[in-house]
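As a plain string of letters, each chain reads:
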Amino acid sequence: MDFELNDDQRAIQDVARRFAKERLAPFAAQWDEKEIFPVETLRAAAALGFAGIYVKGDVGGSEMSRLDAAIIMEELSAGCTSTAAFISIHNMASWMIDRYGSQEQRTRFLPKLTTMEKIASYCLTEPGSGSDAASLKTRAVLDKGDYVLNGAKAFISGAGVSDIYVCMVRTGDDGPKGISCLVVENGVAGLSFGKKERKMGWNSQPTAQVIFDNCRVPVANRIGNEGEGFRIAMSGLDGGRINIGACSVGTARAALDEALAYAKERKQFGTAIADFQASQFKLADMATELEASRLMIRSAAAALDRRDPRATMLCAMAKRFATDAGFEIANDALQLHGGYGYLKDFPAERHVRDLRVHQILEGTNEIMRVIVARELSRQ
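Bear in mind the structure is a predicted one, so any value in this text is a computation, not a measurement. (Residues numbered from 1 in each chain as written. Predicted model: local features only at pLDDT ≥ 70, side-chain atom pairs only at ≥ 80, totals over all residues. Heavy atoms only, no water.)

**Student:** Give a description of the environment of L260 that names residues and reports values.
**Tutor:** Looking at where L260 falls in the secondary structure, it is placed in helix α7 (residues 229-265). Using a relative accessible area of 33% as the deciding quantity, one classes L260 as partly exposed. Considering only alpha carbons, one finds L260 and T171, 89 residues apart in sequence, at a separation of 54 Å. (Helix = DSSP H or I, 4+ residues; strand = E, 2+ residues; numbered from the N terminus. Buried < 20%, exposed > 50% of the residue type's maximum accessible area, 1.4 Å probe, protein only.)

**Student:** An account of the packing of helix α4 (residues 66-79) against α7 is needed here, citing residue identities and associated values.
**Tutor:** For the pair α4 and α7, the least separation of the axes is 7 Å and the interaxial angle reads 35 degrees. In this structure, α4 meets α7 at a crossing whose hand is right-handed. In contact with R66, A69, A70, M73, E74, E75, S77 and A78 of α4, α7 contributes G239, I242, N243, A246, C247, V249, G250, T251, R253 and A254. Across the contact of α4 with α7, the residue classes break down as 9 nonpolar, 5 polar and 4 charged. (Axes fitted to C-alpha atoms, helices over the stretch in contact; angles between N-to-C directions. Left-handed = near helix turned anticlockwise from the far one by under 90°. Contact = heavy atoms within 4.5 Å. Nonpolar A, V, L, I, M, F, W, Y, C, P; charged D, E, K, R; others polar.)

**Student:** Please give an account of helix α9 (residues 311-336) that cites residues and values.
**Tutor:** Helix length check: α9 (26 residues) gives 36 Å between terminal C-alpha atoms against 38 Å at 1.5 Å per residue, within 8%. When you tally the buried positions in α9, you get 19 out of 26 residues, the bulk of the element. Looking one or two residues beyond α9, the residue adopting positive phi is G338, at roughly 60 degrees. (Expected span 1.5 Å × (residues − 1).)

**Student:** Can you explain the pattern of salt bridges? Please cite residues and give values.
**Tutor:** Taken as a whole and assessed by the stated rule, the structure comprises 29 salt bridges. Between D308 and R310 there is a salt bridge whose closest N-O contact spans 3.9 Å. A relative accessible area of 44% places R310 in the partly exposed class. The salt bridge involving R369 is made with D324; its shortest N-O contact spans 3.7 Å. With R369 in helix α11 (residues 365-377) and D324 in helix α9, the pair connects residues that are 45 residues apart, well separated along the chain. When its relative accessible area of 44% is taken as the criterion, R369 is described as partly exposed. (Salt bridge = Lys/Arg side-chain N within 4 Å of Asp/Glu carboxyl O.)

Now the structure itself:
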């Protein structure tokens with residue numbers, strides 16, 4: 001058991017860290033305030049191999065591991081949480097096509113997705129089905145070589161801007177076995193988008209409903225067989241949970257570094273607040289929780305890479321722990337800044353706003369506990 005990164009992983013980490021420092025961090029506050037979706041920056045990340053991290057090389061992917069992805073996401077999120085998280089979503093959607101699509105579908109969609117010439121979104125959640133994802137209602141009815149879609153997806157990152165929407169729709173009976181996976185391309189008749197949502201955080205990526213009104217999608221765009229959609233969706237979420245947990249680690253690391261620097265500089269009662277034991281204990285706890293989170297995320301990623309039968313449970317554990325800890329670390333960092341932490345002149349408040357949603361998406365942390373409890377009951 002070796003906890004050290006190898007030479008290749010350190011090189012990947014260095015590239016991602018440099019990109020985050022030069023291309024993300026200096027602009028994150030502006031993107032947040034003005035709600036800018038930095039498409040050209042995303043394409044610059046893609047040029048480094050970050051848009052097809054675990055997609056196969058024959059279609060332009062980087063063929064890296066889930067552990068590699070966790071390392072990348074931690075570094076990118078230290079620069080801009082929201083932008084890093086969108087890169088994770090794009091990677092998840094692309095991987096589903098790569099893993100479950102036919103060779104024709106892979107060569108049709110993935111070369112432009114791995115460069116981010118085209119951008120992908122993942123569509124599972126609906127207005128009436130969040131945690132109970134298997135109860136989704138969007139219906140796809142077969143008609144003369146096409147599926148005709150009616151329904152809506154909610155909280156979709158990239159909605160209205162993305163070119164490709166990997167959608168879970170109902171082609172059969174109620175329940176998970178009636179769900180199939182379709183790729184819906186932007187611009188087709190019957191596809192529209194709701195208003196841009198006004199959010200607490202994640203403001204460098206647009207979020208809206210995706211609406212289907214007699215939207216025709218060719219059967220050739222179905223990924224896998226009918227009835228396999230829910231399994232595809234859940235397998236994608238294992239990696240998504242690692243990535244979003246890694247994003248929490250990266251942002252929490254940035255928050256801790258900023259809080260430590262501030263505490264050393266800020267003086268009260270003639271003493272730097274970093275010299276007060278209360279501050280020291282708080283910083284020590286933050287650092288400990290951060291290290292534990294990183295270890296859990298990387299352990300779960302390694303389990304997914306080696307196809308450990310416990311991988312789904314470990315991913316759920318790591319996501320729950322890292323996203324809870326990440327938010328608390330960022331919140332404590334804000335507290336250490338005092339009133340200044342509440343101002344947008346400092347990044348502390350943005351870290352808190354961006355990290356809060358990590359406890360909700362990719363499966364709420366309550367659902368993570370359900371997954372763990374279910375696996376324990378089987379032992």
